[in-house]
Amino acid sequence: MLRRDKMPFALWHVEIPAPSEVNADPRLPVVIPPMQRDFDKRYTAWITTESLTTLTSPVPDGGGGLDLIDLPISEAFVYPHEGRILEAWAKKLRLARAEAIESQDAAAREIIAGIYNGYIGRMRHAENWSSKYKQHHHQPVWRWAIIANARARARRHAMRIASEHSLWPIAAHTDSWTYLTDGTVDLADHTGNLGRLQVEKRIELTDEMREQFTNAQAITVGTVESILASKISTPESGR
């Protein structure tokens, strides 16, 4: 019998409901990426425990509000051993990133992001770790779980912001979210928890930018980057 609070680290072959069948708030992106293909179509896919947990988490916490019975599981690949091998490494990077943001050191922030994104990205491909002494770094499932966890934390924080400030993101990519505010709202997570989301960039909009956002038929990360291009290229700005 599978319990939501006792699920092991695993890959699950799941029949995923169509977005139209899920009660998650439509003002956020779909709960997990496979759901974005077709609003009214179900899919089967291999997903991590992190994604399965997000699908079954309460909607106010950024989840899909589903029960395990709503997610038919046909197969599972369960890891017999679990541990926190990357915890010390990740903690050092998070603390260094927080210090860089606090001191407004854009160059340091960029270097730290490059270290993190570079390593997580290279986990996916075996050819990056051809040496027999490095093959243990080839961990595509770890990478999927890390990304799923970041996405879940961002969704949970977005629901808190919506509850407290009635604000919703205009664009989102994993754990990078863009909001339009009047400049008086503090969107940072001040819980003190490791992995908390922080404001990395604030840009004052010109009248022209506001008009572009108003007239945009669909706002994506690409739309935001295009509209803010003149600001993003400044020295202050420097996944």
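Overview of the structure. (Residues numbered from 1 in each chain as written. Predicted model: local features only at pLDDT ≥ 70, side-chain atom pairs only at ≥ 80, totals over all residues. Heavy atoms only, no water.)

Of regular secondary structure, the protein chain possesses seven helices and five strands. Buried positions account for 35% of the 239 residues belonging to the protein chain. Taken as a whole, the protein chain presents about 15,000 Å² of accessible surface, with 51% of it coming from carbon and sulfur. (Helix = DSSP H or I, 4+ residues; strand = E, 2+ residues; numbered from the N terminus. Buried < 20%, exposed > 50% of the residue type's maximum accessible area, 1.4 Å probe, protein only. Areas by Shrake-Rupley, 256 points an atom, 1.4 Å probe, with all protein chains shown as cover.)

Our focus in this paragraph is the sheet that holds strand β1 (residues 10-16). Strand order in the open sheet formed by three strands is β2-β1-β3, with antiparallel pairing between adjacent strands. What marks the edges here is a single partner per strand, and that holds for β2 (43-48) and β3 (73-78). Across the sheet, the mean angle from the axis of one strand to that of its neighbour is 20°, orientation sign disregarded. The pairing of β1 with β3 spans five bridges and is antiparallel. (Pairing = 2+ DSSP bridges. Axes fitted to C-alpha atoms, helices over the stretch in contact; angles between N-to-C directions.)

So, about the pattern of salt bridges. According to the stated counting rule, one finds four salt bridges in the structure shown. Salt-bridge contacts for Arg-27 lead to Asp-25; the nearest nitrogen and oxygen are separated by 3.0 Å. For Asp-25, a relative accessible area of 16% translates into the label buried. Each of Glu-15, Glu-21 and Arg-42 takes part in a single network of salt bridges with overlapping partners. (Salt bridge = Lys/Arg side-chain N within 4 Å of Asp/Glu carboxyl O.)

Turning next to the packing of aromatic side chains. As enumerated under the stated definition, the model contains five aromatic pairs in all. With a centroid separation of 5.6 Å and 85° between ring planes, the pair formed by Phe-77 and Tyr-79 is classed as edge-to-face. When the ring of Trp-89 is compared with that of Tyr-116, the centres are 6.1 Å apart and the planes differ by 10°; the resulting orientation is stacked. Here Trp-89 is found in helix α2 (residues 87-102), whereas its partner Tyr-116 is found in helix α3 (residues 106-122), with 27 residues between them in sequence. Given the relative accessible area of 27%, Trp-89 is considered partly exposed. Given a relative accessible area of 30%, Tyr-116 falls into the partly exposed group. Aromatic rings pair up to connect Trp-89, Tyr-116, Tyr-119 and Trp-129 into one cluster. (Phe/Tyr/Trp six-rings, centres within 6.5 Å; stacked < 30°, edge-to-face > 60°.)

What follows concerns the environment of His-136. Residue position: His-136 is located in the loop between α3 and α4 (140-165). Residues His-136 and Met-123, 13 residues apart in the sequence, show an inter-C-alpha distance of 9.3 Å. A distance of 3.5 Å separates a polar side-chain atom of His-136 from the backbone oxygen of Tyr-133. (Polar contact = N/O pair within 3.5 Å; in protein donor to acceptor, adjacent residues only side chain to side chain.)

Here we come to the packing of α2 against α3. Relative to each other, α2 and α3 sit at 155°, their axes nearing to 8 Å. The angle between α2 and α3 places the two elements in the roughly antiparallel class. When the axes of α2 and α3 are compared, the crossing they make is left-handed. Residues Trp-89, Leu-93, Ala-96, Arg-97, Ala-100 and Ile-101 of α2 pack against Ala-108, Arg-109, Ile-112, Ile-115, Tyr-116, Tyr-119 and Ile-120 of α3. Residues belonging to the contact of α2 with α3 are distributed by class as follows: 11 nonpolar, no polar and two charged. (Parallel < 35°, antiparallel > 145°, perpendicular 65-115°, else oblique. Left-handed = near helix turned anticlockwise from the far one by under 90°. Contact = heavy atoms within 4.5 Å. Nonpolar A, V, L, I, M, F, W, Y, C, P; charged D, E, K, R; others polar.)

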